Structure formats: structure tokens, C-alpha cells
Amino acid sequence: MKLSNRSVICTAALFAGLASALTPRHNSASSLKHRRAPVQSRRVQSLLINVDAQPDLPTVEAATAAASAASLNLDDIQGDVLIGMKKNQELFYFFSIANATDFKPKLASDILPLITTTTQLLSVNTQPTTALNVAFSQTGLTALGVTDALGDSAYAGGQFSDLKNLGDPGSTNWVPQFTGTGIHGVFLFASDTEDNIDAAVASLEAALGDCITKVYTLQGAARPGTEAGHEHFGYLDGISNPAVDGFVTSPMPGQAVVAAGTVLLGESGDTVTRPTWAKDGSFLVFRQLAQLVPEFDKFLTDNAVVEPGVLTPQQGSDLLGARMIGRWKSGAPVDLAPLFDDPALGADPTRNNNFTFVHPDAALATNQTRCPFSAHIRKTRPRADLGTPEDAVHHIMRAGIPYGPEVSDDEAAANTTSTERGLAFVSYQANIGNGFRFLQKTWADNANFVHAGTGVDPIIGALAGAQRVVSGLDPTDSTKTLTLTTDFVVSRGGEYFFTPSLSAISGTLAV
Ligand code: HEM
Ligand SMILES: *[C@@H]1O[C@H](CO)[C@@H](O)[C@H](O)[C@H]1NC(C)=O
Ligand SMILES: *[C@@H]1O[C@H](CO)[C@@H](O)[C@H](O)[C@H]1NC(C)=O
Ligand SMILES: *[C@@H]1O[C@H](CO)[C@@H](O)[C@H](O)[C@H]1NC(C)=O
Ligand SMILES: *[C@@H]1O[C@H](CO)[C@@H](O)[C@H](O)[C@H]1NC(C)=O
């Protein structure tokens, strides 16, 4: 693509969050003509975290080769969709469109040039100072005058009208701004510092003026130091995301391999008829999931697995927590490390996902000595439990990030949360009914999945606030049940969005 020097300078300045980017010159006809401008490298360090235990992103060369073989255009797919849980700092900025007539040209002139593509995120020297992605709810698309249905009923209705399907106890715990359909879109800002993000927000707000209204924001951040990559209960996250055909060429052992159409609309494997322009977009499910960490820790202390002479009380409570998740805090799966954490296993991405729950000495359908049927990772990805080869449909790309402060000494001593923290859950899928909602409703919240009497997922399973009965958590007696009277994860609501391709923005949404 041919670019004038001028648009290069303007775009680079905006990425740096400089006020000078907002001079009238930036909105001149000449920069409007250019849909994209290259980002001038300002980075010496990645804006993403790099946790050894998580699979590396492909190199730009490998991804480009894979994409070209699968006819996937990584320059047209917004950067967050295929990247996974690797953000350092991320701000979710929910907005409504106050004036669509004014917003549309700005979508083309001020937002689109800042949108970070998949290719750009793959190398440090093409990453912007602050990455930007944008996604729209159904009411947002409607506000823009888009009348084509995207072919997803959950998306069309919005998350508020879907909350009964998700096990939420009504909307009493919901952030008020998520109740209803008033949120039209969300900007995702990602960088390595909050200052960078704040500058990018100020710059974009100045450019957009009154045509949008800020409705709500949520700041996420990787946890500090060696906890980076771990969610607030303490377990390493972001290990097992699917390898998407056309992006990842060397899947890790045990990693699910899915067709591009599992995540991207209109790609091979997506069986729903979509408007042409929706191709290479993806549905973004956002959920603000509060986590009651001191309460969770107290539960582990009070219900520790007891194996006299084998486990200390601390080891017994660590084991209970690991069995609820299906992995130890290090990431090591209990299926391969059934009694004690194995940090070396957890840290090794070639081994930490290499299991199916099948073992020669254990009957797959009845033996929970290694991994409970109810474990969070087994509920949300039953692997061989549903037969081999594994189904290819019910997979999601998880791209969330923790939010809220670390647990304070006072909270820990009181066994009580006083400041909200949790997971800003994000998943990408081509079909919400097969992806997020299926995992939540049909698997996690279903006490008879994967076998009668399994109980719900003790982490995310929800029964509209009712107490939850879970079996299989005690390896010495799989018939024993535990009754959870507290939801350790509390839904604060969210919304369903659509993350369009860049060409959909320029060709359809902004015109
Ligand atoms: C606060 C809420 C949540 C917490 C604390 C949490 C925590 C975790 C952890 C620690 C892992 C293991 C790391 C990994 O395999 O990458 C994991 C995996 C996973 N989670 Fe969650 N999660 C939460 C919400 C959800 C929700 C709402 C869903 C979907 C409905 C979900 C779906 C999955 C899936 C699909 C996996 C990967 C399973 C696999 O491939 O083996 N999680 N989660
Ligand atoms: C949107 O803004 C334009 C001017 O920029 C104005 O003419 C129009 O009336 C506004 N529309 C609404 C609904 O406020
Ligand atoms: C993965 O697991 C299989 C079966 O248990 C084993 O044969 C193989 O060596 C493992 N791969 C790695 C890289 O550890
Ligand atoms: C269940 O599996 C464990 C190993 O994972 C094995 O030691 C045990 O004998 C099995 N139990 C039964 C009843 O087969
Ligand atoms: C917190 O929970 C632990 C474990 O049950 C208990 O020993 C301790 O007394 C509790 N602290 C308070 C202040 O309730």
C-alpha cells in the first residue's frame, strides 16, 4: 500500500498519544484517503507478557506462511482475537454512540487507522505504543444503520436478555451499565503501562468528541511479578487456548487444533450463513467475573483433602484447589501430577497440556483419582471424555485479563473480600451458542455433565444463586460430595460484541 509521509507521521503521533496528532491536519482529506498507515516503531519491549508456560505466539514469518496456506488475512483481523491472554495492561472502554452521523466518518478517519492488526502484534517492532481494538454490540450495529443479521441469536438479543441461560441469579449483582442494551461498543486499549493507555484514551476521546458517550470502563492488568499470567485465585491461566488453523503451525502437544471458522466468521468450519462483510470478524463475549479470593482460600482450608501420613493440612487444601481447577497453581495438570504440584511440568508448554484423561490403569468413565469430572478444565474441555477425535466445535479463544488489586492483609485475615477483584473474561468464537454459552450452560452449570452426578463446575458453575453440589473432589472417595454455599465467582454481567475485520469497518460500518 502506498502511503504519504504525512499520514505516517500523523498516525505515529496519535499512537504515541500526542496532542499534536489532533491538529486539523490529521483529519485532512489526504490522510482520509489512506485506510491504513504503518506504525512507527517506538517499542524495544513487547506490550505483551511472556510467560514460559504459555505457548509462544507464532513468529510473524510462521503465521504469515500458515495464513497464506489457509487463505487467511492476518492484516485484516483485529489483533486481540487470536492472541490469547497475554496482555500486560488492558482497558475496556464501553461507549454508546451519541450521534451516528458524526461517528461514522470518525470511525474511518480516527479509529480505523489506530486499530492494531494480528500481524502487528506478532513482532515487537511493529507493535504500537498502545494497541486498540473495537467491537460493537447488536444495538451498536443497529445504531450504525447496519440491518444485516449476523446469524447469532445470542448476539442479537444481547447478554442481559440471556442471563438466565448463564446461571446468573438475576441481575442484582450486575454492574448497572450492563443491564439493558445501552452499550453500543467497546474499545480495547492494551499496552505495558497505564500511562500509555491513558494517553491513548485522552487522544481518542478528543478526536471523537461528543459523537460517543463513555458508559463504563474497567481496567485490567496482569498480576505483579511472578504472578503474571495467574488469575486471582492464584492459578496460571492462558495455557490451553486452541491452535487456530491458518495462524498456528506447531501446536503444542495436547493443544486443541480448530478450523479458522471456529473463531472467525465466514471461514472454513463456520457453518452459518453470514453477510459477506462479516467474514473474519469474531464474536467477543465480555463478562466481568468477580472472584472472592479470601472466601475461596478459607473454603480450601476448611475442606482440605485428608490423607494422614501423605498430605499435610496445607498440602490437602492445595490439592483441593488444584482438583477444583484441574491444574495446580504452577499450571501443572492434576491429570499428570495427581498429588503434588510439579512446577517443572507446569512451566513446560510441551508437557503441561499433553493429556487426554485416558490412563491404562484407570477407567475413563468412572475413575476420578487423577482429575475430577467436575474440574473446571474438564468441564470446559472434556477431551477424551466425549470420545476421540475431540469435537472441534465447542472451543473458544480466551483473551481475558485480571482486574482489581491484590488481596490485602486485612482481607486475608478477615476471610472476606472488601475490594472487588476478578477476571475481565473475554472469549472469541464464531458462534456464541456453540462457544461461551455452551461451555457455561450446557457443561459448567450442568450437574449431570460429563456423567450423572458429577455436579457443577466448582469455579464457574452457577445455579442462579442456589447452593452447588459437587462430587469427585476427594481422591480417596469419589462418592463424597461437597456442597458449596458460596459462589466464589460472581457474575457482574457483561455484553456480547462483534469484532469486525478492518475491511468490514472501512467497507460497511463506516459508510
Ligand atoms: C473467574 C472465572 C474464571 C477463572 C478463575 C478461570 C480459571 C481458569 C484456569 C486457571 C484455567 C487453566 C489454565 C488454562 O488451561 O489455560 C482455565 C482454563 C479454561 N477456562 Fe476458565 N476461568 C474462569 C472463567 C471461565 C469461563 C467463564 C469459561 C467459559 C465459559 C472458561 C473456560 C475455560 C476453558 C475453555 C479453559 C481451557 C480448558 C482446556 O483447554 O483444558 N473459564 N480457566
Ligand atoms: C448529529 O450531528 C450533526 C452535526 O454534526 C447534526 O446536524 C445532527 O442533528 C446530529 N444528530 C443528532 C441525532 O443529534
Ligand atoms: C505426550 O504424551 C504422550 C502420551 O502420554 C507421550 O508419548 C509423549 O511423549 C508426550 N510428549 C511430550 C512432549 O512429552
Ligand atoms: C483409578 O486410577 C488410579 C490411577 O489413576 C489407579 O491407581 C486405581 O487403581 C484406579 N481405581 C480403580 C478402582 O480402578
Ligand atoms: C478465617 O478462616 C480460618 C480458616 O477457617 C479460621 O481459622 C480463622 O479463624 C478465620 N478468621 C476469621 C477472622 O474469621
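Conventions adopted
Residues numbered from 1 in each chain as written. Chains lettered and ligands numbered in written order. Predicted model: local features only at pLDDT ≥ 70, side-chain atom pairs only at ≥ 80, totals over all residues. UniProt positions renumbered as here; feature names shortened; annotations may be inferred. pLDDT = per-residue confidence, 0-100. Helix = DSSP H or I, 4+ residues; strand = E, 2+ residues; numbered from the N terminus. Contact = placed C-beta atoms within 7 Å. Near = placed C-beta within 6 Å. Nonpolar A, V, L, I, M, F, W, Y, C, P; charged D, E, K, R; others polar. Core = buried A, V, L, I, M, F, W, Y, C linked by C-beta atoms within 7 Å. Buried ≥ 20, exposed ≤ 12 C-beta atoms within 10 Å, placed from the backbone.

Going by what an unreviewed UniProt entry lists, the protein chain is known as Fungal peroxidase and is assigned to Mycena pura. What the UniProt record of the protein chain gives under Cofactor (unreviewed entry) is the line "heme b".

A. Region of the structure containing the confidence of the model for the protein chain. In this model, the protein chain carries a mean pLDDT of 92, and residues with pLDDT of at least 70 account for 92%. When pLDDT is averaged over each element of the protein chain, strand E7 (residues 282-291) comes out on top at 99 and helix H1 (residues 5-15) at the bottom at 29. Residue range residues 1-34 is modelled with pLDDT below 50. Its contacts to residues more than four positions away, or to other chains, number 52 contacts.

B. Representation of the UniProt feature "domain: DyP dimeric alpha+beta barrel" (unreviewed entry) in the protein chain. With numbering aligned to this structure, UniProt lists the feature "domain: DyP dimeric alpha+beta barrel" (unreviewed entry) at residues 76-224. Taken end to end, residues 76-224 has its terminal C-alpha atoms 33 Å apart, with 29% of it in helix and 21% in strand.

C. Focus on the site of ligand 1. Around ligand 1 sit 27 residues in total, of which Tyr235, Ile239, Ser240, Thr380 and Arg381 are the nearest. With four residues, the top contributor of residues to the shell around ligand 1 is helix H14 (residues 436-444). Looking at side-chain class alone, the shell around ligand 1 contains 15 nonpolar, seven polar and five charged residues.

D. Highlighting the nonpolar core. With 127 residues, the main nonpolar core has Phe92, Val186, Phe189, Val263 and Phe283 as its most contacted residues. Those residues within four positions of phenylalanine 283 in sequence are excluded, and the remaining contacts are Asp152, Tyr155, Tyr428, Gln429, Ala430, Ile432, Tyr496 and Phe498.

E. Main features of the site of ligand 3. Taken together, Pro253, Thr350, Arg351 and Asn354 make up all the residues around ligand 3. Here the residues of the shell around ligand 3 are counted per class, giving one nonpolar, two polar and one charged.

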